[in-house]
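Residue-level listing of the chains:
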Amino acid sequence: MVDGEINQTGGPSAPDEKTAALARAFDSAWERFIGIEGSRADTEANRKQLAARIVALSRAGETNEATLAQSALIHLCVLAEASRLGNQSPTASGSGGPGASGDPQQTHAQAFSPQTVAAMSAALEQCVETLPLQTPSSALQFLSANILEQASRGEQDPERLSRNALEALRNR
C-alpha cells in the first residue's frame, strides 16, 4: 500500500514500513540540515532535493535509515555550499558574465556543473564511509568545505577529492 490509499474498511491506510522508514530518514536529515544551515534554508526546493536524494538512494538498494539520512544530508549540504560559493563570485553580480575577467578560477567558483556536483557528493559520501558513524558535524563541514575548495580549483575526480579532503582532516 501507499501512504494515503484507502484500506478495506474505507479509511486511510497506514504507510507501509518502507515508506515510513523513508519518512523517518527524511525527518532526521531535514532536522539536522536546518540545524546546520538555519531557518533560511527551509525552502520547498531544499525539501524536494532531500526527498529526491533519499528516494534515489532507496531505489539504489540502501535500506538503512541512518545511512539514508546521513547520505542525503551530506548531499544537500554540498549543494547548499556550492550555491553559496557560486553566489560569492565577483562575476556573478553581472559584471560581464562568467569568466569575463579571463580568470578560470572565477569560472569554477560561479557554478558547478551537474557532473561536478555529483563528483563532490560522491567524494563526501566516500569520506563519510571511512569515518566513524558518529562523526561530528564540524568534521563533515570541514570535509565539505575542503571538497568544495578543490572542486572550485577544477578537481572533478571523486577519489582524489575524497583522499585529499581526508588527508586535510587528518592534518588539521
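Residues numbered from 1 in each chain as written. Predicted model: local features only at pLDDT ≥ 70, side-chain atom pairs only at ≥ 80, totals over all residues. Heavy atoms only, no water.

Draft legend 1. Here's a closer look at the overall build of the protein. Counting its secondary structure elements, the protein contains seven helices and zero strands. When the helices and strands of the protein are listed from N to C terminus, the series reads α-α-α-α-α-α-α. Split into buried and exposed, the 172 residues of the protein put 37% on the buried side. Looking at the protein alone, contacts between residues at least 24 apart form 58% of all its contacts between residues at least 6 apart. Within the structure as shown, the protein displays about 9,800 Å² of accessible surface, and the carbon and sulfur contribution to it stands at 52%. (Helix = DSSP H or I, 4+ residues; strand = E, 2+ residues; numbered from the N terminus. Buried < 20%, exposed > 50% of the residue type's maximum accessible area, 1.4 Å probe, protein only. Contact = heavy atoms within 4.5 Å. Areas by Shrake-Rupley, 256 points an atom, 1.4 Å probe, with all protein chains shown as cover.)

Draft legend 2. Spotlight on the pattern of salt bridges. Counted according to the given criterion, the structure contains eight salt bridges. We note a salt bridge from Arg153 to Glu149, for which the minimum N-O separation is 2.7 Å. On the basis of relative accessibility, which here comes to 47%, the residue Arg153 falls in the partly exposed class. Between Glu167 and Arg170 there is a salt bridge; the shortest N-O distance is 3.4 Å. (Salt bridge = Lys/Arg side-chain N within 4 Å of Asp/Glu carboxyl O.)

Draft legend 3. Local environment of the nonpolar core. One finds Phe112, Met120, Leu124, Cys127, Leu143, Ile147 and Leu161 to be the most contacted residues of the largest nonpolar core, which totals 23 residues. Elements with a contribution of two residues or more to this core: α3 (65-88), α5 (114-130), α6 (137-152) and α7 (158-171). Per element, the largest residue contribution to this core is seven residues, and it comes from α5. With residues near it in sequence (within four places) discarded, Leu124 still touches Ile74, Val78, Leu140, Leu143, Ser144 and Ile147. By size, the runner-up hydrophobic cluster in this structure holds 17 residues, among which are Phe26, Ala29, Leu68 and Ala69. (Core = buried A, V, L, I, M, F, W, Y, C linked by side-chain atoms within 4.5 Å.)

Draft legend 4. Representation of the packing of α5 against α7 in the model. Direction vectors running N to C along α5 and α7 enclose 50°, while the axes themselves pass 8 Å from each other. The angle between the axes of α5 and α7 places the two elements in the oblique class. Judged by the twist between their axes, the crossing of α5 over α7 is right-handed. Contact with α5, carried on its side by Ala119, Met120, Ala122, Ala123, Gln126, Cys127 and Thr130, involves Pro158, Glu159, Leu161, Ser162, Ala165 and Leu166 of α7 and no other residues of that element. Partitioned by chemical class, the residues of the contact of α5 with α7 number nine nonpolar, three polar and one charged. (Axes fitted to C-alpha atoms, helices over the stretch in contact; angles between N-to-C directions. Parallel < 35°, antiparallel > 145°, perpendicular 65-115°, else oblique. Left-handed = near helix turned anticlockwise from the far one by under 90°. Nonpolar A, V, L, I, M, F, W, Y, C, P; charged D, E, K, R; others polar.)

Draft legend 5. Seen up close, the packing of aromatic side chains. This model, assessed by the stated rule, comprises two aromatic pairs. Summarising the aromatic geometry, the rings of Phe26 and Trp30 are spaced 6.0 Å apart at their centres and angled 5° between planes, so their arrangement reads as stacked. Of this pair, Phe26 and Trp30 both sit in helix α1 (residues 17-37), four residues apart, which is roughly one turn of the helix. Taken individually, Phe26 and Trp30 each receive the classification buried, so the pair is uniform in this respect. Relative to Phe33, the ring of Trp30 lies with its centre 5.7 Å away and its plane at 40°, an arrangement referred to as tilted. (Phe/Tyr/Trp six-rings, centres within 6.5 Å; stacked < 30°, edge-to-face > 60°.)

Draft legend 6. Representation of α1. Here α1 contains 21 residues, and its C-alpha end-to-end distance of 30 Å stays within 8% of the 30 Å for a straight helix at 1.5 Å per residue. All of the buried residues in α1 are Ala20, Ala21, Leu22, Ala25, Phe26, Ala29, Trp30, Phe33 and Glu37. Phi for Gly38, located one or two positions after α1, is positive at around 90°. (Expected span 1.5 Å × (residues − 1).)

Draft legend 7. Broad picture of the environment of Asn46. Positionally, Asn46 belongs in helix α2 (residues 44-59). A relative accessible area of 16% means that Asn46 is categorised as buried. Taking the C-alpha atoms as reference, Asn46 lies 9.1 Å from Trp30; in sequence the two are 16 residues apart. Leave out the neighbours within four places in its chain, and Asn46 touches Trp30, Phe33, Ala41 and Leu76.

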